[in-house]
Amino acid sequence: MHRWSQLFIPTLREAPADAEVASHKFLVRAGYIRQLAAGIYSFLFLGNRSFNKIVEIVREEMDKIGQEFYLPALHPRELWEASGRWSLMGENLFRLQDRKGGDLCLGMTEEEVMTEIARKELRSYKQLPQIWYQIAPKFRDEPRPRSGLLRVRQFMMKDSYSFDIDAAGLDVSYRKHYNAYCRIFDRCGLKYMVVEADSGAMGGKESHEFMVRTPAGEDQIVSCDGCNYAANLEKATSTLWPVEDLKAEGDGKPLLVHTPGQKTIEDVAKFLGVSPKNKIKTLALMTNEPASDGASKGKEGSKAKSRAVVVLMRGDHQLNEAKLNATIATPTRPMEEAEIEMLFQSPAGYLGPIGIEWAKDFKTDGDKPVLLVDKALEGRTNLIGGANKKDYHLKNLTPGKDFHPTAYADLRSVTAGEACPNCGKPLRIDTAVEVGHIFKLGYRYSESMGARVLDRNGKEVMPIMGCYGIGVERILTAAIEQGNDEDGFWLPAAIAPFEIVVAPVSVKDEAVKSVAEDVAQRLEIAGFDVILDDRDERPGVKFKDADLVGIPFRITVGKKVTEGTVEVVFRSTREVRDVTITTIVEYFQGMLRAG
RNA sequence: CGGGACGUGGCGCAGCCUGGUAGCGCACUUGCUUGGGGUGCAAGGGGUCGCGAGUUCAAAUCUCGCCGUCCCGACCA
């Protein structure tokens, strides 16, 4: 029997001054966690109980599709050199040295270790498929930990890895994870949505994120209430309403117009009396390759090569950097003034695509500047853009005719209200927390680390991989964000530290006290997680604490014991029901254990 | 890493501008009181004022440096 009077549950009346989001404030106030350093938290009794319940749900569901391992967090440098991530991860990787001066790091994920095992042990297609997982701490030296447990430097991740003989096999492993994740988040009582996610430059084909809507989140998700379309903003697309092109002026060739002092899209559009939709926005960027790309591996001194990348967008559209990164597989930065002058021979504000020799192909065409044009401009005619001459713009610009893009690409950020690409209804954008991510990795690690198996023809092939992650703390955080009010929060029973708190109004009243003891004991014997608030405190104190700490049900034992009843209080709705003492176990069995 | 803020008993804050005794609420200890929404009264304990240097007869207070924490941005397999 858990007796509150003997437990360490340090609840606070006030939230720490540096807590911003609800889950952070309440986790601290309810005595779940305490901060040790930026992005590093200790879990106390209640926090750990809830945490363990989440872990157990994850484990039960994962055991249905895979096998649990336990891998070290301390990794030798060589392993990460082999995958190329020792340098790729930069400062996000925690590094340290052993007494002999050997370099080590703390694992931020375990692709390397898992692939190392696969490389050494897997020999035949007969051993595939495999799904291996673990639930273990991960370490990331985040540039900015924030929002309590939402972004931290050490956290518990369920990470799994699948190895299959071919893409069809990977599809099956992926689907198994998708379904297992749905079961996990359902059992945790989360209201979540599954969204298409950016698979980045890793070459993966498919990726889904499991998202919980909350203003505290860090991700933007685009979704449609009319159909099931949902995607991360980094990936989302929309259908654009048609735009009426301008008519050609003069002979239809690019036509110089004087636009003195008109630099911004808005200004020029207004000045010329056209819509920004008929304007070209010219963005001047440089690739910003850290000297750590695969090609320059090993040559410490080799200089990072920078290349001009010019992006054209419709005047009223915003560049989506994730899409740009996915397109050119290299980080970029804005051009400096001198670089702009060098390429365009013109000050910023009048930049355009005319008069520059653009690369015909990103890969093969050497060092020439790259011109990427957003798909929203493909097929458009007679646009207006900068003339690369101070105080002048050009009319009659038609992509493909007056200038030749290196490539057309989807580079635009969706905005709320645009049409769903599936059904045409208006899209909405919400912030959300990512609680899980499933990802088709492909051959990246098999290739770099040399994992090979023989297929049924005796031919050596690479196993194809998938990786899948769940953040345990984020499930807890998201659940609190989903269910809280000014007095505290309530967790779904499955992940609450206790399902029921029994609160006798007084421990000095023998009748009340003995009924409370009896009720708590019978519920515990029946298999419920019960805590008895046996403290010699006034009822108000017990009620306030009970409201705060996330337990979904309270049984108040008070003067009605003389009538043979106690009160069951539903934390989320504050609904109160009188229940006969003798039937209390059956009451909760019907509510929490039915089905 | 760029911008901003903060750092004073366990928690929340005042004091700093205008240098000289460290203060309030909560929590904690003891006693009485109260007993269905953080009861009231009384008496107590607890603080290198983040760290270091400087100015000064004298620094929580002024100056400089460092560290830490939070927020915005950049970043985020």
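In case you missed it, the structure is sitting above this.
Quick caveat, the model's predicted, so the values are computed rather than measured. (Residues numbered from 1 in each chain as written. Chains lettered and ligands numbered in written order. Predicted model: local features only at pLDDT ≥ 70, side-chain atom pairs only at ≥ 80, totals over all residues. Heavy atoms only, no water.)

K.L.:
Help me understand the protein's contact with RNA strand B in this model?
P.N.:
Of all residues adjacent to RNA strand B, which total 41 residues, the nearest are Arg13, Arg140, Arg144, Asp547 and Glu567. Interatomic distance of 2.9 Å between a backbone N/O atom of Ala17 and a phosphate oxygen of RNA strand B. Ser147 is positioned such that a nitrogen or oxygen atom in its backbone is 3.2 Å from a phosphate oxygen of RNA strand B. Looking at the surface near RNA strand B element by element, the count peaks at seven residues for helix α13 (residues 539-548). Its residues placed into classes, the surface near RNA strand B shows 14 nonpolar, six polar and 21 charged. (Near = heavy atom within 4 Å. Polar contact = N/O pair within 3.5 Å; in protein donor to acceptor, adjacent residues only side chain to side chain. Helix = DSSP H or I, 4+ residues; strand = E, 2+ residues; numbered from the N terminus. Nonpolar A, V, L, I, M, F, W, Y, C, P; charged D, E, K, R; others polar.)

K.L.:
What is the right way to look at the sheet that holds strand β16 (residues 308-314) in this model?
P.N.:
Working definition: the strands of a sheet are paired by backbone hydrogen bonds and lie parallel or antiparallel to each other. Taken in spatial order, the five strands make up an open sheet running β17-β15-β16-β18-β21, and their pairing is mixed. The open sheet is flanked by β17 (332-334) and β21 (407-409), the only strands paired with a single partner. When strand polarity is set aside, the average angle formed by the axes of neighbouring strands in this sheet is 35°. In the packing of helix α9 (residues 337-344) onto the sheet, the strands contacted are β15 (280-287), β16 and β17, and the crossing angle to β15 comes to about 115°. (Pairing = 2+ DSSP bridges. Axes fitted to C-alpha atoms, helices over the stretch in contact; angles between N-to-C directions. Contact = heavy atoms within 4.5 Å.)

K.L.:
How should the sheet that holds strand β7 (residues 103-106) be read in this particular structure?
P.N.:
If you trace the three strands from one edge of the open sheet to the other, you get β5-β7-β6, paired in antiparallel fashion. The open sheet has two edge strands with one neighbour each: β5 (74-76) and β6 (95-97). The mean inter-strand angle of the sheet, taken between neighbouring strand axes irrespective of direction, is 40°. Here three bridges tie β6 to β7, and the two strands are oriented antiparallel to one another.

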